Amino acid sequence: METLQQFLEQKGYTKVKLHLTKTNHFEIKATINGKKGLFILDTGASSSCVGFEAIETFKLKAEDSLIKAAGAGAIDMETKTSNKNKVKIGKWTNNKVVLVLFNLTHVNTALVNHNSKPVDGIIGADILKKAKGVIDYEKKYLYLKL
C-alpha cells in the first residue's frame, strides 16, 4: 500500500514540516525576499499576510490598499499591500506573491498569552492554491507542488 508521501513525491511534491502550537495552529517556516520568518498556516485566510512591523525585515514595498481586513477577532482593520514578493517554503518558491500587510498585534498577543511564539504573518489559501497544497494533519506535513 502506497503512502500519501510516496504518492505525492512521485507527483513532484515537496514536503515541509508543520509544528502544532499550544493554540492548535500549525506553524510553518517560510522565507520572504531572502529573510526567514515564522508563520501560521491558515486555510481560512484568503490572503497571506505579514505584520506592519515586518515591512523592513522582509524588504516589502508597501502600497496603500482599499481592502479592510477582518478576522482573528478584529474587523475593519487598515491594510496595505505589497506586490511581487519572493516566497520560499521548503523547496517551493514563487516570485510573484502579493502580501497583505496589517496590524498583527492582536494575533501575537493571543499567541503569547497561550505560551506560543509570536509570528511574522499568516500563510493563507492564496499560496496554498498556487502551490496545490496538501496538508497531512496526522503526520504534520504540508506538501507543495514544485
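Bear in mind the structure is a predicted one, so any value in this text is a computation, not a measurement.

Reading the values: rules and limits
- Residues numbered from 1 in each chain as written.
- Predicted model: local features only at pLDDT ≥ 70, side-chain atom pairs only at ≥ 80, totals over all residues.
- Heavy atoms only, no water.
- Helix = DSSP H or I, 4+ residues; strand = E, 2+ residues; numbered from the N terminus.
- Rg over C-alpha atoms; globule rule 2.2 N^0.38 Å.
- Buried < 20%, exposed > 50% of the residue type's maximum accessible area, 1.4 Å probe, protein only.
- Contact = heavy atoms within 4.5 Å.
- Areas by Shrake-Rupley, 256 points an atom, 1.4 Å probe, with all protein chains shown as cover.
- Lys, Arg positive; Asp, Glu negative; His and termini not counted.
- Charge placed at Lys NZ, Arg CZ, Asp CG, Glu CD.
- Pairing = 2+ DSSP bridges.
- Axes fitted to C-alpha atoms, helices over the stretch in contact; angles between N-to-C directions.
- Phe/Tyr/Trp six-rings, centres within 6.5 Å; stacked < 30°, edge-to-face > 60°.
- Lys NZ or Arg CZ within 6 Å of the ring centre and 35° of its normal.
- Polar contact = N/O pair within 3.5 Å; in protein donor to acceptor, adjacent residues only side chain to side chain.

A.B. asks: What is the right way to look at the overall build of the protein in this model?
C.D. replies: Across its full length, the protein holds three helices and 11 strands. Listed N to C, the secondary structure of the protein is α-β-β-β-β-β-β-β-β-α-β-α-β-β in terms of helices and strands. In terms of overall size, the protein behaves like a compact globule, its C-alpha atoms giving a radius of gyration of 15 Å where 146 residues would be expected to give roughly 15 Å. Seen through its principal axes, the protein has C-alpha atoms that stretch 50 × 35 × 25 Å. Per-residue burial over the protein gives 44% buried out of 146 residues. Across the protein, the fraction of contacts at a sequence separation of at least 24, relative to all contacts at a separation of at least 6, is 59%. For the protein, the computed accessible surface area is about 8,600 Å², with 54% contributed by carbon and sulfur atoms. Separation of charge centres in the protein, based on 23 positive and 14 negative side chains, amounts to 8 Å.

A.B. asks: Please explain the sheet that holds strand S10 (residues 134-136) as it appears in this structure.
C.D. replies: The strands making up a sheet associate through backbone hydrogen bonding, with each pair oriented either parallel or antiparallel. The three strands are arranged S1-S11-S10 in an open sheet whose pairing can be described as antiparallel. Across the chains shown, the open sheet's two edge strands, defined by having one partner strand only, are strand S1 (13-17) and S10. Between one strand and the next, the sheet's axes are offset by a mean angle of 25°, whatever the strand orientation. Bridge analysis of S1 against strand S11 (residues 141-145) gives five bridges, and the strand direction is antiparallel. The residue of S11 that forms the bridge with Lys17 is Tyr141.

A.B. asks: What is the right way to read the packing of aromatic side chains from this model?
C.D. replies: Any aromatic ring pair is given by two values, namely how distant the centres are and how the planes are angled relative to each other. Under the counting rule described, the total for this entry stands at three aromatic pairs. Consider the rings of Phe26 and Tyr137, whose centres lie 5.7 Å apart with planes at 40°: the pair is tilted. Residue Phe26 is located in strand S3 (residues 26-32), and its partner Tyr137 is located in the loop between S10 and S11; the two are separated by 111 residues in the primary sequence. Tyr137 gets classed as exposed once you look at its relative accessible area, which sits at 54%. Seen from their ring centres, Tyr141 and Tyr143 are 6.3 Å apart, and the 50° between their planes marks the pair as tilted. With respect to class, Tyr141 is no different from Tyr143; both count as buried. The ring of Tyr141 has Lys15 sitting right over it, with the charged end atom 4.1 Å from the ring centre.

A.B. asks: Explain the side chain of Asn94 here, please?
C.D. replies: Structurally, Asn94 is set in strand S8 (residues 92-102). A distance of 2.8 Å separates a polar atom in the side chain of Asn94 from the backbone nitrogen of Lys96. Not counting residues within four places of it along the chain, the set of residues in contact with Asn94 comprises Asn85, Lys86, Val87 and Lys130.

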